[in-house]
Amino acid sequence: MQMPVFHSSAGEAALLDTEAATSRTERRDQQVARILDAAKTCFVRSGFQGASMQQICSEVGMSPGALYRYFPSKEAIIEAITEADRRRDAEIFSVLTLGGDVVDGFVAAAMAHIRYMHESGNAPLFAEIRAESMRNDAIDFACKMSMKDVDDSFRSFLRGAVDRGEIDPCADLDTILPVMVAFGEGLAINDLPAQGVDFERLEVVIRAIATAVLRPTGRSTAS
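Please read these numbers as outputs of a predicted model, since none were measured by experiment.

### Observations concerning a nonpolar patch on the surface
A cluster of nonpolar side chains, Phe 183, Val 205 and Ile 209, forms an exposed patch at the surface whose accessible area comes to about 220 Å². Position of Ile 209 relative to the elements: it lies in helix H9 (residues 199–214).

### Quick notes on the layout of surface pockets
There is about 230 Å³ of room inside the largest pocket. Along the walls of the largest pocket sit 14 residues, with Leu 36, Lys 40, Ala 80, Ala 84 and Arg 87 positioned nearest its centre. With 7 residues, helix H4 (residues 74–92) is the largest single contributor of residues to the lining of the largest pocket. Grouping the constituent residues of the lining of the largest pocket by class yields 7 nonpolar, 1 polar and 6 charged. Forming the walls of the second largest pocket are Arg 130, Asp 140, Cys 143, Lys 144, Met 147, Asp 151, Leu 177, Pro 178, Val 181 and Glu 185. Every element with two or more residues in the lining of the second largest pocket is listed here: helix H7 (137–163) and helix H8 (173–190). Per-element tally for the lining of the second largest pocket: the top contributor is H7, with 5 residues. Partitioning the lining of the second largest pocket into residue classes produces 5 nonpolar, no polar and 5 charged.

### Topic: the state of the cysteines
Within this structure, the stated rule accounts for 0 disulfides. Counting only cysteine sulfurs, Cys 42 is the nearest neighbor of Cys 57, a cysteine outside any disulfide, at a range of 9.3 Å.

Criteria and cut-off values
Residues numbered from 1 in each chain as written. Predicted model: local features only at pLDDT ≥ 70, side-chain atom pairs only at ≥ 80, totals over all residues. Heavy atoms only, no water. Patch = residues over 30% accessible without salt bridge, like charges linked within 9 Å, V, L, I, M, F, W, Y side chains within 5 Å. Areas by Shrake-Rupley, 256 points an atom, 1.4 Å probe, with all protein chains shown as cover. Salt bridge = Lys/Arg side-chain N within 4 Å of Asp/Glu carboxyl O. Helix = DSSP H or I, 4+ residues; strand = E, 2+ residues; numbered from the N terminus. 1 Å grid on protein atoms, 1.4 Å probe; cavity = no way out; pocket = protein on both sides within 12 Å on 5 of 7 lines; lining within 4 Å. Points joined across faces, edges and corners; volume = space filled by probe spheres on them. Nonpolar A, V, L, I, M, F, W, Y, C, P; charged D, E, K, R; others polar. Disulfide = S-S within 2.5 Å.

Spelled out as structure tokens, the structure:
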């Protein structure tokens, strides 16, 4: 008896192609993640200048030819790291607008970032990248682009509060914003909780600073 022959439909073939493409994408994403983790280890251990692409290859267990298919330079690796930081920071600082007054939003965002930096252990890497950005134009540009969304979020958040009469800042926003960014970077690099500073006490200080700088008027968003 002759067995029937089944032919794949065009839809089934397309589905198989999609699954294959997804699998390739997932494998590539996994490789990129492994490379970035290895690079972070090397940058913290040897510094950006001291870490070589060969060292990163050894750390990740990959040949130079294979690595260069993903990243042609250390600068390209930093760009990928800062882009990942940009996406993560956007999520962290989304708490700005989750409710409460302006100071509450600012403090919640600041504490969320402090907790992340402490729990991730990324303070040494962040310090290394910021130091290198002062002498490397490509990395400086990558860092500035990474911070742009955060700057824009804070500017929009504070500008809206000023326009609604909720705060009366002690200076113009063009002065306050870079000061806040520098303050935040200092907190990130120093990882005060790792030095024994209690989160609750740290929050009290940050709230006091935010209140002094932003000077809430007592007017709520509902008024």
